[in-house]
Amino acid sequence: DYLWSNRELLRSLSDASKHHVEYFGGHRHNVDQNSTISIAPNNNWLVGGGGGWGCDVLKGIPQQQGFVVGEIDALGQITTRPVLIDNS
């Protein structure tokens, strides 16, 4: 959310020529990959703080609360996935 004005940093995070990048950041109360600026072919995650008012349904729209699990296999491949709570 706060990096959109820093195009040079976004270009660097998007560069997969040397290695893959998994970027985790954000301050909004949500867990997703679709509300941020893409750094494809690398991955970025919004992993906001939860708890308190942040777990409530906001204006009728449930928020995606939870955390991200990252795994590195024996070949060094990284996989990530969200683990979301039911906040209904």
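Residues numbered from 1 in each chain as written. Predicted model: local features only at pLDDT ≥ 70, side-chain atom pairs only at ≥ 80, totals over all residues. Heavy atoms only, no water.

A. Up close: the sheet that holds strand β1 (residues 22–25). A sheet is described by the order of its strands in space; here 3 strands give the open sequence β1-β3-β2, paired in mixed fashion. The outermost strands of the open sheet, each flanked by one partner alone, are β1 and β2 (31–32). Here β1 runs beside strand β3 (residues 43–47); their pairing, made up of 4 bridges, is parallel. Bridge pairing in β3 places Glu22 opposite Asn43. (Pairing = 2+ DSSP bridges. Helix = DSSP H or I, 4+ residues; strand = E, 2+ residues; numbered from the N terminus.)

B. Highlighting the environment of Asp73. Its place among the elements puts Asp73 in the loop between β4 (66–72) and β5 (78–84). Asp73 gets classed as partly exposed once you look at its relative accessible area, which sits at 40%. Engagement of the side chain of Asp73 in a polar contact is seen with the backbone nitrogen of Leu75, the distance being 2.8 Å. There is a polar contact of 2.8 Å between the side chain of Asp73 and the backbone nitrogen of Gln77. (Buried < 20%, exposed > 50% of the residue type's maximum accessible area, 1.4 Å probe, protein only. Polar contact = N/O pair within 3.5 Å; in protein donor to acceptor, adjacent residues only side chain to side chain.)

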